[in-house]
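Fold and contact review
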Number of protein chains: 2
Amino acid sequence: MTTDSAINLRNQLAKFSEHWSPRVVAEMNDYQFKLAKLRGEFVWHAHEDTDEVFIVVEGEMTLEFRDRSVQLAAGEMYVVPRGVEHRPVAARECCVMLVEPRGTVNTGDAGGAYTAPNDVWV
Amino acid sequence: MTTDSAINLRNQLAKFSEHWSPRVVAEMNDYQFKLAKLRGEFVWHAHEDTDEVFIVVEGEMTLEFRDRSVQLAAGEMYVVPRGVEHRPVAARECCVMLVEPRGTVNTGDAGGAYTAPNDVWV
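Residues numbered from 1 in each chain as written. Chains lettered and ligands numbered in written order. Predicted model: local features only at pLDDT ≥ 70, side-chain atom pairs only at ≥ 80, totals over all residues. Heavy atoms only, no water.

1. Let's talk about the overall build of chain A
For the record, the criterion: Helix and strand assignments follow DSSP, with helices taken as H or I runs no shorter than four residues and strands as E runs no shorter than two, numbered in order from the N terminus. Residue burial is assigned from relative accessible area. The probe radius is 1.4 Å, only protein chains are included, and a residue is buried under 20% of its type maximum, exposed over 50%, and partly exposed in between. Throughout, a contact is declared for two residues whenever any of their heavy atoms are within 4.5 Å. Using a 1.4 Å probe, accessible areas were evaluated by the Shrake-Rupley method; residue-level cover was limited to the displayed protein chains. Residues scored as positive are Lys and Arg, those scored as negative are Asp and Glu, and His as well as the terminal groups of each chain are ignored. A single reference atom marks each charge: NZ on Lys, CZ on Arg, CG on Asp, CD on Glu.
Assigned secondary structure in chain A consists of 1 helix and 8 strands. Reading the helices (α) and strands (β) of chain A from amino to carboxyl end gives β-α-β-β-β-β-β-β-β. With the principal axes as the frame, chain A shows a C-alpha extent of 45 × 30 × 25 Å. Each of the 122 residues in chain A was classed as buried or not, and the buried ones make up 53%. Pairs at least 24 residues apart make up 66% of the contacts formed inside chain A by residues separated by at least 6 positions. Split by element, the accessible area of chain A, about 5400 Å² in all, is 44% carbon and sulfur. Put simply, chain A has 12 plus and 19 minus side-chain charges, and the middle of one group is 5 Å from the middle of the other.

Pasting the structure below:
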């Protein structure tokens, strides 16, 4: 999808309120940029076939790994390597942009109740 | 390259001052995230093989196309479709993050004096 105007991330974030429910805002080749609102503790999971990028737009979050954790605040990003188990956690609502290949499922190999519909545009 | 801490975009931007000289800050699969400082008018060019994402971190810029232009401010992004001629312009310094496949040259098919060394990390 191409548009004639810039994609304003805060304006797009204002269009939905559900947590752990990524919304696509842009596509680049076979990759998607997705906005998501996080609050609480997600499920442990890994993406076997791809790295996954987190860019924090608003708030703070933690990426927990089995052996460490990484703190992220607005204006910070992190690349979760493929195959590495991780769990996003946010004490208060945190808004992020994810970058990953089209078709990447939010719960990766874990499945379960947090699995969101894929390819939903904001 | 993986790190144990978040990548702070403003901190990384403080590490260089050259305009039109993208610096890699992260890799995801075969894609790179690059920070760049823009000021003035770049050359018209296209990337025949890939879309290119602009995310504005600080300041304002314009993406000129042959038939229109798109204004971008901090917190906004745009996807330049593959093969489409464009020219980034910034009246004052503007800091952006680019997302594109590893190996993408900043001047695309145009070449010339603005062509920056590729794959230079910040």
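2. Topic: the interface of chain A and chain B
In plain terms, the rule: Throughout, buried area stands for the accessible area (probe radius 1.4 Å) lost by two parts on being put together, summed over both. Each reported salt bridge corresponds to a side-chain nitrogen of Lys or Arg within 4 Å of a carboxyl oxygen of Asp or Glu. We call two N or O atoms a polar contact when they sit within 3.5 Å, provided that within protein one can donate a hydrogen and the other can accept it, with sequence-adjacent residues counted only if both atoms are side-chain atoms. All residues other than Ala, Val, Leu, Ile, Met, Phe, Trp, Tyr, Cys, Pro, Asp, Glu, Lys and Arg, Gly among them, are scored as polar; the first ten of these are nonpolar and the last four charged.
Listed by partner, the interface residues are 34 residues for chain A and 34 residues for chain B. Surface buried jointly by chain A and chain B totals about 2600 Å² across both partners, of which 61% is contributed by carbon and sulfur atoms. The largest share of the area that chain A buries against chain B comes from Met-28, Asn-29 and Met-77 of chain A, three residues that together contribute 24% of it. Inspection of the chain A/chain B interface yields 0 salt bridges. At the boundary of chain A with chain B, the tally comes to 14 residue pairs in polar contact (both at pLDDT 80 or more). Within the residue set of the side of chain A that touches chain B, elements represented by two or more residues are β1 (7–8), β2 (23–28), β3 (31–41), β4 (52–58), β6 (68–73), β7 (76–80) and β8 (86–101) of chain A. Looking at the side of chain A that touches chain B, its residues break down into 18 nonpolar, 8 polar and 8 charged.

3. A closer look at the relation of the copies chain A and chain B
Each of the two copies of the chain can be brought onto the other by a rotation about an axis and a shift along it. Applied cut-off: Here the copies were fitted onto each other by least squares, based on C-alpha atoms from residues at pLDDT of at least 70 in both.
At an RMSD of 0.0 Å, chain A and chain B line up after a rotation of 180° and a shift of 0.0 Å along the axis. Given the turn and translation reported, the copies of this chain are related as if by a two-fold rotation axis. Looking at chain A, 100% of its interface residues are interface residues in chain B too, so the copies touch through the same face.

4. What about the environment of Pro-88 of chain A?
All names here are of chain A. Secondary-structure assignment places Pro-88 in strand β8. Of the residues examined, Pro-88 reaches a relative accessible area of 4% and is grouped as buried. Each C-alpha atom of the pair Pro-88 and Val-70 lies 9.7 Å from the other, and the pair is 18 residues apart in sequence.

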